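Observations on the model geometry
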Amino acid sequence: MLVNNQYTAVVKQEDGWWVGWIAEIPGVNCQEKTCEELKKTLAITLKEALEFNRQEALSSAGSGYTEEKIAL
């Protein structure tokens, strides 16, 4: 379960497209024809990236690990 469920989407219109990225998570970026579509796509991509990163971290840990929650 994630403690932080809010992230910063940086969005702008460029050459007829809306482009955006999540400031806190490198690699989460998208482009769409409308701002609303962009925000939806960013949310989906962010969720997928967080789940992928989580699975990769757990896989790398192997066995004998514990999970600790850290809140900011």
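The structure under discussion appears in the preceding block.
Reading the values: rules and limits
- Residues numbered from 1 in each chain as written.
- Predicted model: local features only at pLDDT ≥ 70, side-chain atom pairs only at ≥ 80, totals over all residues.
- Heavy atoms only, no water.
- Helix = DSSP H or I, 4+ residues; strand = E, 2+ residues; numbered from the N terminus.
- Rg over C-alpha atoms; globule rule 2.2 N^0.38 Å.
- Buried < 20%, exposed > 50% of the residue type's maximum accessible area, 1.4 Å probe, protein only.
- Contact = heavy atoms within 4.5 Å.
- Areas by Shrake-Rupley, 256 points an atom, 1.4 Å probe, with all protein chains shown as cover.
- Lys, Arg positive; Asp, Glu negative; His and termini not counted.
- Charge placed at Lys NZ, Arg CZ, Asp CG, Glu CD.
- Pairing = 2+ DSSP bridges.
- Axes fitted to C-alpha atoms, helices over the stretch in contact; angles between N-to-C directions.
- Core = buried A, V, L, I, M, F, W, Y, C linked by side-chain atoms within 4.5 Å.

**What to know about the overall build of the protein chain**
From N to C terminus, the protein chain includes 1 helix and 3 strands. The N-to-C order of helical and strand elements in the protein chain reads β-β-β-α. The C-alpha radius of gyration of the protein chain comes to 15 Å, more than 25% above the 11 Å expected for a compact globule of 72 residues. Referenced to the eigenvectors of the C-alpha coordinate spread, the extents of the protein chain come out at roughly 50 × 25 × 15 Å. Across the 72 residues of the protein chain, 17% fall into the buried class. In the protein chain, of all internal contacts separated by at least 6 residues, the share reaching a separation of at least 24 is 16%. With the model as given, the accessible surface of the protein chain reaches about 5800 Å², and the carbon-plus-sulfur share is 54%. Measuring between centres, the 7 positive side-chain charges of the protein chain sit 5 Å from its 11 negative side-chain charges.

**Comments concerning the sheet that holds strand S2 (residues 17-22)**
The strand order S1-S2-S3 describes an open sheet built from 3 strands, whose pairing is antiparallel. Strands with a single pairing partner mark the edges of an open sheet, and in this sheet they are strand S1 (9-14) and strand S3 (29-32). Each strand axis lies, on average, 20° off the axis of its neighbour in the sheet, ignoring direction. Helix H1 (residues 35-61) contacts S1, S2 and S3 of the sheet and is inclined by roughly 150° relative to S3.

**Points about the nonpolar core**
Listed in full, the 9 residues of the largest apolar core are Ile 22, Ile 25, Val 28, Cys 30, Leu 38, Leu 42, Leu 46, Ala 49 and Leu 50. The element that contributes the greatest number of residues to this core is H1, accounting for 5 residues. If we ignore the near neighbours within four places in the chain, the residues touching Leu 42 are Ala 9, Val 11, Gly 20, Trp 21, Ile 22, Val 28, Asn 29 and Cys 30.

**Remarks on the environment of Gly 62**
Looking at the secondary structure, you find Gly 62 in the segment after H1. C-alpha of Gly 62 to C-alpha of Val 28: the two residues are 34 residues apart in sequence and 26 Å apart in space.

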